[in-house]
Amino acid sequence: MIYVKHRIASSSLIDANAHLSYMGLFDVVEDAITEGMGVLRLDGVTVKREYNAFWVFTKNKIRLFGTFQWGEEFVAESFISALSPAKMVVDTALKRLDGSIVAYSSCEMCVLDLATGRIRRTSTVGIDDTFVAEQPQCEITFDKIDDSNLPQADSVTVRSTNIDYSRHCNNVEYMRFIFNTYTVAELDKLSVREIEVYYVAQSYENDVLTVHKSVSADCDILAVKKNGATVIKCRIVH
């Protein structure tokens, strides 16, 4: 099943140049994934209520081919592209109305037990042989990210508005922490081709996090850490 949702690059999603922002991009992808899973009754609210479990993103890689301008209509298509006993991969294509892909995300997820925090088999939350993976529309592979010896760029405290219904810091909020290490002028000059994120651990309300960053000519490496341990790590290719 391919979940299709028509969207508009609205004011809450755009940047200082009136284009879909990088934060807005992650917001749209998260909405498409969770809404599509809702149709399949695999969304986080249902899984928490019926199976005492919750989904976590483990990896996400977004490839960009362009952007949307304020007010522009576009289509978000989200679908399961791979499925195993331990994980699920959901791909999301953001397309212009002519069908051309502007951004493409491949997001790996696993399900955790709410009581123990341990990984559970996908079959324990209602996934059976009737679920069929669709063919990816873009080839995405994940690369290793070395986040050692990165200088600290910022320090943030997880607040109530960063928390989602799994009672941990939402995955999109980490991208807010990361992009806030750039000035508006730096973002104006930044032409991103890929954003790759590894979600390594969780953080919670009132946790103090440090953001670490290394910048080079073709890519930036960033990490968010708690007490020196990596929570997420990210590569931004430009």
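Just so we're clear, the structure is a prediction, and the values are computed from it rather than from any experiment. (Residues numbered from 1 in each chain as written. Predicted model: local features only at pLDDT ≥ 70, side-chain atom pairs only at ≥ 80, totals over all residues. Heavy atoms only, no water.)

(A) Region of the structure containing the pairing of strand S3 (residues 73-83). Among the eleven residues that make up S3, eight are buried, leaving the element largely enclosed by the rest of the structure. Alignment of strand S1 (residues 3-8) against S3, held across six bridges, turns out to be antiparallel. Bridge pairing links Ile8 to Glu73 in S3. One ladder, built from eight bridges, connects S3 with strand S4 (residues 88-95); its direction is antiparallel. In the strand pairing of S4, Val75 is matched with Lys95. The hairpin turn running from S3 into S4, its antiparallel successor, is four residues long. (Buried < 20%, exposed > 50% of the residue type's maximum accessible area, 1.4 Å probe, protein only. Helix = DSSP H or I, 4+ residues; strand = E, 2+ residues; numbered from the N terminus. Pairing = 2+ DSSP bridges.)

(B) Structural view of the nonpolar core. Formed by 57 residues in total, the largest nonpolar core has its most connected members in Trp55, Met88, Met109, Tyr174, Met175, Ile195 and Ile236. Here the element with the most residues in this core is helix H1 (residues 22-39); it accounts for nine residues. Trp55 has contacts with Met37, Leu42, Asp43, Gly44, Val47, Met88, Met109, Cys110, Val111, Thr122, Val125 and Ile127, leaving out every residue within four places of it along the chain. Formed by seven residues, the second largest nonpolar core is a distinct cluster that contains Ile145, Leu150, Tyr198 and Cys219. (Core = buried A, V, L, I, M, F, W, Y, C linked by side-chain atoms within 4.5 Å. Contact = heavy atoms within 4.5 Å.)

(C) Highlighting the packing of aromatic side chains. The tally for this structure, following the rule as stated, stands at six aromatic pairs. Between Phe57 and Tyr199, the ring centres sit 6.4 Å apart and the planes meet at 70 degrees, which makes this aromatic pair edge-to-face. Here Phe57, found in strand S2 (residues 53-64), pairs with Tyr199, found in strand S8 (residues 194-199); they are 142 residues apart in sequence, far enough to count as distant. Given the relative accessible area of 10%, Tyr199 is considered buried. When the centroid spacing of 6.2 Å and the interplanar angle of 35 degrees are considered together, the rings of Phe179 and Tyr182 count as tilted. Connected via pairs of aromatic rings, a cluster forms that spans Tyr22, Phe179 and Tyr182. Between the NZ or CZ atom of Lys59 and the centre of the ring of Phe142, over which it lies, the distance is 5.3 Å. Of note, Lys213 hangs over the ring of Tyr182, and the distance from its end group to the ring centre comes to 3.3 Å. (Phe/Tyr/Trp six-rings, centres within 6.5 Å; stacked < 30°, edge-to-face > 60°. Lys NZ or Arg CZ within 6 Å of the ring centre and 35° of its normal.)

Just geometry here; none of it tells us what the structure is for.
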